[in-house]
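# Descriptive structure summary
Single-letter residue listing:
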Amino acid sequence: MLQREKLVSALKGDFFKGNLVLLEEAASTNLTLKELAAKGAPEGTAVFCERQSAGRGRLGRSFHSPAGEGIYLSVLLRPRGELTQAAALTSLAGVCVAQAIEDVCGLAPGIKWVNDVQVGGKKVCGILIESVIENGVPAWLVLGIGINVNNDPSAFPPELQEVATSLRAEAGQPFERERLAAALLDRLEESYRGFPQNLPLIRQECRRRMVTLGQRVVIRSQEEGGVFLAEDIDEQFGLIVRDANGERQTLRSGEVSVRMAP
């Protein structure tokens, strides 16, 4: 299990240090933290668990989260700003995850729009934000992050083995999860303290790391599908794509699932 003393010792900032919740098992860290948020938990509460029995990603997909191998984390935020700015927290989190992995593991992660972090073209991290909206703005947000750290990809479910990997598999060595978790929390604290004024910098870093741009992508939704060229991200972190007729449109988080075209 993650060791609280190691985690606290490795943290440089104070935002999360006094509000750490470490669990052996939970249905999901997001669900646990949503219950705590509804009871008035302070901003900066961070929930870790060793194993999730019902971890989830976007669009209701399951998230494979075996015990003792990954980082399964949710943090509570109460941002001040417009809903469109709050939506950018997904990209902020992706940038922070990529930076923390680079800091600790020496790997070069990329970001696949909208909420995946990849190494070597395969997913190592998923991000899921859930919120409660009051008067058109988030009363609070739960930011869920799952990272495959020391997992053996051969033990992944068959449907994941071609698309997912772990930091250990990519680097050829295991990593101390407490050190990576602390690096991630410190990156989140630094970026969140500057939010939303730092959105241009977040967009710049997100765009630099985004593996989706310049690629032909398949857009799957209930209404339509097709192959598009991913060109850019806009100020609200929507994905700007162009179809075969040269017409452009902007996709928003939650509207579609994007797959790299063959």
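The following refers to the structure shown. Here the structure is a predicted model, which is why all the values come from computation and not from measurement.

Rules of the game
Residues numbered from 1 in each chain as written. Predicted model: local features only at pLDDT ≥ 70, side-chain atom pairs only at ≥ 80, totals over all residues. Heavy atoms only, no water. Helix = DSSP H or I, 4+ residues; strand = E, 2+ residues; numbered from the N terminus. Rg over C-alpha atoms; globule rule 2.2 N^0.38 Å. Buried < 20%, exposed > 50% of the residue type's maximum accessible area, 1.4 Å probe, protein only. Areas by Shrake-Rupley, 256 points an atom, 1.4 Å probe, with all protein chains shown as cover. Lys, Arg positive; Asp, Glu negative; His and termini not counted. Charge placed at Lys NZ, Arg CZ, Asp CG, Glu CD. Arc of directions from axis to C-beta. Phe/Tyr/Trp six-rings, centres within 6.5 Å; stacked < 30°, edge-to-face > 60°. Pairing = 2+ DSSP bridges. Axes fitted to C-alpha atoms, helices over the stretch in contact; angles between N-to-C directions. Contact = heavy atoms within 4.5 Å. Salt bridge = Lys/Arg side-chain N within 4 Å of Asp/Glu carboxyl O. 1 Å grid on protein atoms, 1.4 Å probe; cavity = no way out; pocket = protein on both sides within 12 Å on 5 of 7 lines; lining within 4 Å. Points joined across faces, edges and corners; volume = space filled by probe spheres on them. Nonpolar A, V, L, I, M, F, W, Y, C, P; charged D, E, K, R; others polar. Disulfide = S-S within 2.5 Å.

## Considerations on the overall build of the protein
Tallying secondary structure elements over the protein gives seven helices and twelve strands in all. Taking 262 residues into account, the globule formula puts the C-alpha radius of gyration at 18 Å, and the protein, at 18 Å, falls close to it. Over its C-alpha atoms, taken along the principal directions, the protein stretches across nearly 60 × 45 × 30 Å. A buried classification covers 52% of the 262 residues belonging to the protein. Counting only carbon and sulfur atoms, one obtains 46% of the accessible surface of the protein, whose full area is about 12,200 Å². One finds the centroid of the 30 positive side-chain charges in the protein at a distance of 1 Å from the centroid of its 33 negative side-chain charges.

## Here we look at helix 7 (residues 199-209)
Every buried residue of helix 7 is accounted for by Leu-199, Ile-202, Glu-205, Cys-206 and Arg-209. Summarising the axial view, the buried residues of helix 7 lie within an arc of 130 degrees, below the 170-degree limit, and thus occupy one face. In helix 7, those exposed residues whose orientation departs by more than 90 degrees from the buried face are Pro-200, Leu-201, Gln-204 and Arg-208.

## Notes on the packing of aromatic side chains
Within this structure, the stated rule accounts for three aromatic pairs. With centroids separated by 4.8 Å and ring planes inclined at 75 degrees, the aromatic side chains of Phe-15 and Phe-16 adopt a geometry described as edge-to-face. What makes Phe-15 buried here is its relative accessible area of 15%. Consider the rings of Tyr-192 and Phe-195, whose centres lie 6.3 Å apart with planes at 20 degrees: the pair is stacked.

## What to know about the sheet that holds strand 3 (residues 71-77)
The seven strands are arranged 1-2-3-7-6-5-4 in an open sheet whose pairing can be described as mixed. Pairing within the sheet leaves two strands with one partner each, and these edge strands are strand 1 (20-26) and strand 4 (110-112). Going across the sheet, the axis of each strand differs from the next one's by a mean of 20 degrees, ignoring polarity. In the sheet, strand 1 pairs with strand 2 (residues 46-52) via six bridges, with the strands oriented parallel. Counterpart to Ala-26 in the pairing with strand 2 is Gln-52. The strands touched by helix 6 (residues 177-193) are strand 1, strand 2, strand 3 and strand 7 (137-147); relative to strand 3, the strand with the most contacts, the crossing angle is about 25 degrees.

## A closer look at the pattern of salt bridges
Taken as a whole and assessed by the stated rule, the structure comprises 16 salt bridges. Asp-14 is paired through a salt bridge with Lys-17; the nearest N and O atoms lie 3.9 Å apart. The exposure class assigned to Lys-17 is partly exposed, which follows from its relative accessible area of 29%. Of the charged contacts in the structure, one is a salt bridge between Arg-252 and Asp-234, with a shortest N-O distance of 2.8 Å. Linking Arg-252 in the loop between strand 11 (248-251) and strand 12 (257-260) with Asp-234 in the loop between strand 9 (225-233) and strand 10 (239-242), this pair joins segments that are 18 residues apart in sequence. Residue class for Arg-252 comes out partly exposed when judged on its relative accessible area of 30%. With a relative accessible area of 13%, Asp-234 lands in the buried category.

## Describing unusual backbone geometry
In this structure, Val-114 follows Trp-113 across a cis peptide bond, with omega equal to 15 degrees. Within the fold, Val-114 resides in the loop between strand 4 and strand 5 (116-119). Across the junction of Phe-195 and Pro-196, the peptide omega takes the value 5 degrees, indicating a cis bond. For Pro-196, the position within the fold is in the loop between helix 6 and helix 7.

## Details of empty space enclosed by the protein
Under the definition given, this model contains one cavity of 30 Å³ or more. Its volume calculated, the largest cavity comes out at about 40 Å³. Lining of the largest cavity is provided by Phe-15, Phe-16, Leu-77, Leu-89, Leu-92, Leu-143, Leu-188, Glu-189 and Tyr-192. Those elements giving two or more residues to the lining of the largest cavity turn out to be helix 4 (89-105) and helix 6. Along the lines of polarity and charge, the residues of the lining of the largest cavity split into eight nonpolar, no polar and one charged.

## Describing the state of the cysteines
Evaluated as defined, the whole model comprises zero disulfides. Cys-125 forms no disulfide, and the closest cysteine sulfur to it belongs to Cys-96, at a distance of 11 Å.

## A closer look at the side chain of Ser-91
Checked against the element boundaries, Ser-91 lands in helix 4. Non-local contacts of Ser-91, meaning those with residues more than four positions away in its chain, are made with Ile-202, Cys-206 and Phe-237.

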